[in-house]
Amino acid sequence: MNAQALMDTARVLVAGDRGLLAMDESNPTCNKRFARLGIVQTAESRRAYREMIVTTPGLGECISGAILFDETIRQQTTDGTPFVEVLSDAGVIPGIKVDTGAAEMAGHPGEKITEGLDGLRDRLAEYYCMGARFAKWRAVIAVGEGVPGRACVEANAHALARYAALCQECGFVPVVEPEVLMDGGHTLERCSDVTGLVLHSVFTQLFLQGVMLEGIILKPNMVLPGLLCPAQPGVDEAADATVKCLLRSVPAAVPGIAFLSGGQSAELASARLNAMNATFGSRLPWALAFSFARAIQGPALEIWEGKESNVPAAQKALYHRAMCNRAARRGEYDAAIERMSA
Ligand code: 5MM
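Residues numbered from 1 in each chain as written. Predicted model: local features only at pLDDT ≥ 70, side-chain atom pairs only at ≥ 80, totals over all residues. Heavy atoms only, no water.

Undergrad: Honestly, the packing of aromatic side chains in this entry has me stumped. Any pointers?
TA: Pairs of aromatic rings are described using the distance from one ring centre to the other and the angle between the two planes. Applying the stated criterion to the full structure yields 6 aromatic pairs. Taking the centre distance of 5.5 Å and the plane angle of 90 degrees together, the rings of Phe 34 and Tyr 49 count as edge-to-face. One end of the pair, Phe 34, is in helix α2 (residues 27-36); the other, Tyr 49, is in helix α3 (residues 43-54), with 15 residues separating them in the sequence. Pair check on accessibility: Phe 34 and Tyr 49 agree, each one buried. On the basis of an interplanar angle of 50 degrees and a centroid distance of 5.7 Å, the ring pair of Phe 34 and Trp 304 is categorised as tilted. Of the two residues, Phe 34 is situated in helix α2 and Trp 304 in helix α12 (residues 294-304); the sequence distance between them amounts to 270 residues. Given the relative accessible area of 2%, Trp 304 is considered buried. Site record: aromatic cluster; members linked through ring pairs are Phe 34, Tyr 49 and Trp 304. The ring of Tyr 128 is capped by Arg 133, whose NZ or CZ atom sits 3.6 Å from the centre of that ring. (Phe/Tyr/Trp six-rings, centres within 6.5 Å; stacked < 30°, edge-to-face > 60°. Helix = DSSP H or I, 4+ residues; strand = E, 2+ residues; numbered from the N terminus. Buried < 20%, exposed > 50% of the residue type's maximum accessible area, 1.4 Å probe, protein only. Lys NZ or Arg CZ within 6 Å of the ring centre and 35° of its normal.)

Pasting the structure below:
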């Protein structure tokens, strides 16, 4: 393991005011999003969509790393340039999602375990040759009556830590993503309790597996109530609850925390990240960044509609969201920036 190279990559991913772009939707997820908008669901359609994203002018001003899916990392632009090369030329580090998805957990109805450890060392070696330098694995934790149970939390934390150890051995910075879902009617306090529990379990397992914390990125959910909870917090309340929970759970050695958006609106995700950085930024031991998928891609996908003629407008919308989140990293996001829209 080249510890210095891992630390350098991790620092670059969260340096300054840039953040990560998650564009690693698996084919079923990507197809579901296309279907909702009446976009044809083929490999070529997914390729054209990802070409629109990676060729967005100015992408590298706001995005430090892009997480790709296995199909995408093998694809090229219309003129034959590999996506990995387009990203690298734009100053964006290519990353790769390496979990193979979340499956029903045996004996635990309603809970999931993320799979993908089998053959991971070999897959990482191939992705390294393709140019990827960081990876991502997502654990999914549902909140409900008696859920999550200890078995689900500990099994997912163990898998995340084994993935992270393998990544570092193979020269990849692991993005460690334990997502507490926003589905349901649970309260902000319940989300805080579950997120704290999950993060403690994850860092215990990372320690046990010998993972070097200086060479990882944590990708957690923000602390928020379920989407069906009648009591929704203000922006500052959500930011306070998230930072308080993270301060109690995440060691200072971790260089950066890059949030997932999890189904929040694009504007709320930016506003909440902004509030955390504006209020606490310089007092925190780690950088607070973003690793959004829907909250960056959403408006662009709706404009694109699968049509070549819509590419410039879609790219403008994508750049706009990336730029809003860049401002949120500095604590300078506001309504005026939001209005500078396409
Ligand atoms: C939680 O999902 C991750 C972040 O996306 P959002 O910001 O939209 O919440 C995302 O990276 C996710 O892991 C990928 O889109 C892959 O998802 P699937 O379900 O296709 O594996």
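Undergrad: I'm lost on helix α11 (residues 266-280) in this one. Help?
TA: Because each turn of an α-helix spans 3.6 residues, side chains separated by three or four positions in sequence point in the same direction. If you check α11, its first and last C-alpha atoms are 21 Å apart, about what 15 residues at 1.5 Å a residue would give, namely 21 Å. With 11 of 15 residues buried, α11 is to be regarded as a mostly interior element. Taken as a whole, α11 has its buried residues at Ala 266, Ala 269, Ser 270, Ala 271, Arg 272, Leu 273, Asn 274, Ala 275, Met 276, Asn 277 and Phe 280. (Expected span 1.5 Å × (residues − 1).)

Undergrad: Can you help me understand the environment of Gly 58 in this one?
TA: When you line up the elements, Gly 58 lands in the loop between α3 and α4 (59-62). Taking the C-alpha atoms as reference points, Gly 58 and Lys 112, 54 residues apart in sequence, are found 38 Å from one another.

Undergrad: Can you help me understand the pattern of salt bridges in this one?
TA: Pairing between side chains of opposite charge can happen when the charged atoms of each approach one another. All told, the structure shown has 21 salt bridges when counted by the stated rule. Linking Arg 138 and Glu 177 is a salt bridge whose minimum nitrogen-to-oxygen distance equals 4.0 Å. Here Glu 177 lies in strand β7 (residues 173-180) and Arg 138 lies in strand β6 (residues 134-141), a separation of 39 residues in the sequence. The partner of Glu 179 in a salt bridge is Arg 138, and the shortest N-O contact between them spans 2.7 Å. You can see Glu 179 sitting in strand β7 and its partner Arg 138 sitting in strand β6, a full 41 residues away along the chain. For Arg 138, a relative accessible area of 30% gives the class partly exposed. Residues joined in a network through salt bridges with shared partners are Asp 24, Lys 136, Arg 138, Glu 177, Glu 179 and Lys 219. (Salt bridge = Lys/Arg side-chain N within 4 Å of Asp/Glu carboxyl O.)

Undergrad: What am I meant to see in the site of the ligand here?
TA: Close contacts around the ligand come from 17 residues, with Thr 29, Lys 97, Lys 136, Ser 261 and Gly 262 the closest. Separating an oxygen atom of the ligand from a side-chain N or O atom of Ser 261 is a distance of 2.5 Å. Within the complex, 91% of the 510 Å² of free accessible area of the ligand lies under protein. Of all the secondary-structure elements, those providing two or more residues to the shell around the ligand are β6 and β7. (Near = heavy atom within 4 Å. Polar contact = N/O pair within 3.5 Å; in protein donor to acceptor, adjacent residues only side chain to side chain. Areas by Shrake-Rupley, 256 points an atom, 1.4 Å probe, with all protein chains shown as cover.)

Undergrad: Got a minute to help me understand the packing of α3 against α12 in this structure?
TA: For any two helices packed against each other, the geometry comes down to the angle between their axes and how far apart the axes lie. One can describe the packing of α3 onto α12 by two numbers: an axis separation of 11 Å at closest approach and a directional angle of 125 degrees. With respect to each other, α3 and α12 are oriented oblique. The handedness of the crossing between α3 and α12 comes out as right-handed. Here Ser 45, Ala 48, Tyr 49, Met 52 and Ile 53 of α3 come into contact with α12, specifically with Gln 297, Ala 300, Leu 301 and Trp 304. (Axes fitted to C-alpha atoms, helices over the stretch in contact; angles between N-to-C directions. Parallel < 35°, antiparallel > 145°, perpendicular 65-115°, else oblique. Left-handed = near helix turned anticlockwise from the far one by under 90°. Contact = heavy atoms within 4.5 Å.)

Undergrad: Is there a simple way to explain the packing of helix α8 (residues 150-169) against helix α9 (residues 188-208) in this structure?
TA: In the contact formed by α8 and α9, the axes pass within 8 Å of each other and the chain directions differ by 40 degrees. Relative to α9, α8 is oriented oblique. Pair α8 / α9 crosses with right-handed handedness. Across from Val 153, Glu 154, Ala 157, His 158, Leu 160, Ala 161 and Ala 164 in α8, the residues of α9 making contact are Leu 197, Val 198, Ser 201, Val 202, Gln 205 and Leu 206.

Undergrad: What is the right way to look at the side chain of Gln 264 in this model?
TA: Relative to the helices and strands, Gln 264 resides in the loop between β9 (256-259) and α11. Looking at Gln 264, the relative accessible area reads 8%, which means it is buried. Polar side-chain contacts of Gln 264 include one of 3.0 Å to the backbone oxygen of Ser 261. For Gln 264, the side chain forms a polar contact with the side chain of Arg 272, separated by 3.0 Å. Setting aside residues no more than four positions away along its own chain, Gln 264 makes contact with Met 182, Met 222, Leu 224, Ala 269 and Arg 272.

It is worth stressing that arrangement in space is one thing and function is another; only the former is reported here.
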